[in-house]
Every structure is written in C-alpha cells, then in structure tokens.
Amino acid sequence: MKTGRALHQGMFFWDWGEQRPLTKPLRTGITTGACAAAAAKAAAALYFSGRILKEVTVYNLQGQPILVPISEVRAVPGGAMAVVIKDGGDDPDVTSGLP
C-alpha cells in the first residue's frame with residue numbers, strides 16, 4: 001500500500017524508500033464515488049432527456065465542483081449506461097485507470 005508522510009525541507013518519503021523533492025503540489029484525482037456519481041448522472045441524462053454528456057459536474061462534501069470526463073455513454077435495452085475512467089492523481093490506488 002502506498003502511504004507516505006511529509007518530511008521537513010520539502011521532501012516527501014514513500015514507505016518503500018523512494019524520496020523526491022516536492023517542487024510542485026501533488027496533482028489531485030477523482031474518488032471512486034465521484035466517478036460512480038458522474039457515470040450515473042450521465043446515464044440518467046441520456047435515459048431521461050436524450051442528452052449525451054461528455055463531462056459532468058459533481059460536488060464533493062465541501063461543496064466544491066469536480067468536473068469529470070465521461071468516456072462513454074450509450075443506450076442499452078431498458079436503460080442507459082455511462083463509463084468514467086478513474087484518475088487517481090499523483091497518489092493513485094488500485095482503482096486508477098479502471099473503467
């Protein structure tokens with residue numbers, strides 16, 4: 001499991017021994033829940049209004065908007081489906097890159 005902790009003098013230490021200077025902030029990602037919510041919103045938009053969305057805005061618990069790209073959206077028998085490719089940012093987990 002990737003767990004790390006901030007050290008003094010701008011270094012970041014990964015538990016398996018890798019060290020690198022933090023020259024810029026870590027890139028944030030999109031949580032699994034936000035991806036699922038965005039896919040559900042895109043599928044609902046197609047099912048209820050016929051709109052094909054290429055991106056969807058969802059909101060985190062602090063009320064901040066998260067723009068989520070939609071990889072695929074299409075009608076299926078009896079409904080609609082949408083796919084989001086998960087982006088874990090600079091601290092990915094095992095779900096990063098999965099549809």
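Predicted, not measured: the structure shown is a model, and the values here were computed from it.

Observations concerning the nonpolar core
Among the nonpolar cores identified, the biggest contains 17 residues, and A38, V56, V58, V68, I70, A82 and V84 are the most heavily contacted of them. Secondary-structure elements contributing two or more residues to this core are α1 (32-49) and β4 (55-59). Examining the composition of this core, we find that 8 residues originate from one element, α1, more than from any other.

Overview of the packing of aromatic side chains
The geometry of an aromatic ring pair comes down to the distance between the two centres and the angle between the two planes. With the rule as written, the count across this model stands at 1 aromatic pair. Ring plane angle 85° and centroid distance 4.9 Å describe the contact between Y47 and F48, whose orientation is recorded as edge-to-face.

Focus on α1
The terminal C-alpha atoms of α1, which comprises 18 residues, lie 26 Å apart, in line with the 26 Å expected from a rise of 1.5 Å per residue. Buried within α1 we find A34, C35, A38, A39, A42, A43, A45 and L46. Projected down its long axis, α1 shows its buried positions confined to an angular sector of 165°, all on one face. Lining the buried residues of α1 we find β4, β5 (65-69), β6 (72-76) and β7 (79-83). G50 occupies a position one or two residues after α1 and carries a positive phi of about 75°.

Structural notes on the pattern of salt bridges
In this structure the tally under the stated criterion is 1 salt bridge. A salt bridge links R74 to E72, with the nearest nitrogen and oxygen atoms 2.6 Å apart. Exposure remark for E72: the relative accessible area of 32% places this residue in the partly exposed category.

Here's the deal with the confidence of the model for the protein chain
In this model, the protein chain carries an average pLDDT of 80, and 68% of its residues clear a pLDDT of 70 or more. This stretch, residues 1-16, has a pLDDT under 50; its non-local contacts, to residues over four places away or in other chains, come to 29 contacts.

Digging into the side chain of K86
Tracing the sequence through the fold places K86 in the segment after β7. We classify K86 as buried; its relative accessible area is 10%. Polar contacts involving the side chain of K86 include one to the main-chain carbonyl oxygen of I30, which spans 3.3 Å.

Re the pairing of β6
Summarising the sheet, β6 and β7 pair through 5 bridges and their orientation is antiparallel. Bridging across to β7, V73 finds its partner in A82. If you look at the hairpin formed by β6 and β7, you'll find 2 residues sitting between the two strands, and G78 has a positive phi there, around 80°.

How each quantity is defined
- Residues numbered from 1 in each chain as written.
- Predicted model: local features only at pLDDT ≥ 70, side-chain atom pairs only at ≥ 80, totals over all residues.
- Heavy atoms only, no water.
- Core = buried A, V, L, I, M, F, W, Y, C linked by side-chain atoms within 4.5 Å.
- Buried < 20%, exposed > 50% of the residue type's maximum accessible area, 1.4 Å probe, protein only.
- Helix = DSSP H or I, 4+ residues; strand = E, 2+ residues; numbered from the N terminus.
- Phe/Tyr/Trp six-rings, centres within 6.5 Å; stacked < 30°, edge-to-face > 60°.
- Expected span 1.5 Å × (residues − 1).
- Arc of directions from axis to C-beta.
- Contact = heavy atoms within 4.5 Å.
- Salt bridge = Lys/Arg side-chain N within 4 Å of Asp/Glu carboxyl O.
- pLDDT = per-residue confidence, 0-100.
- Polar contact = N/O pair within 3.5 Å; in protein donor to acceptor, adjacent residues only side chain to side chain.
- Pairing = 2+ DSSP bridges.

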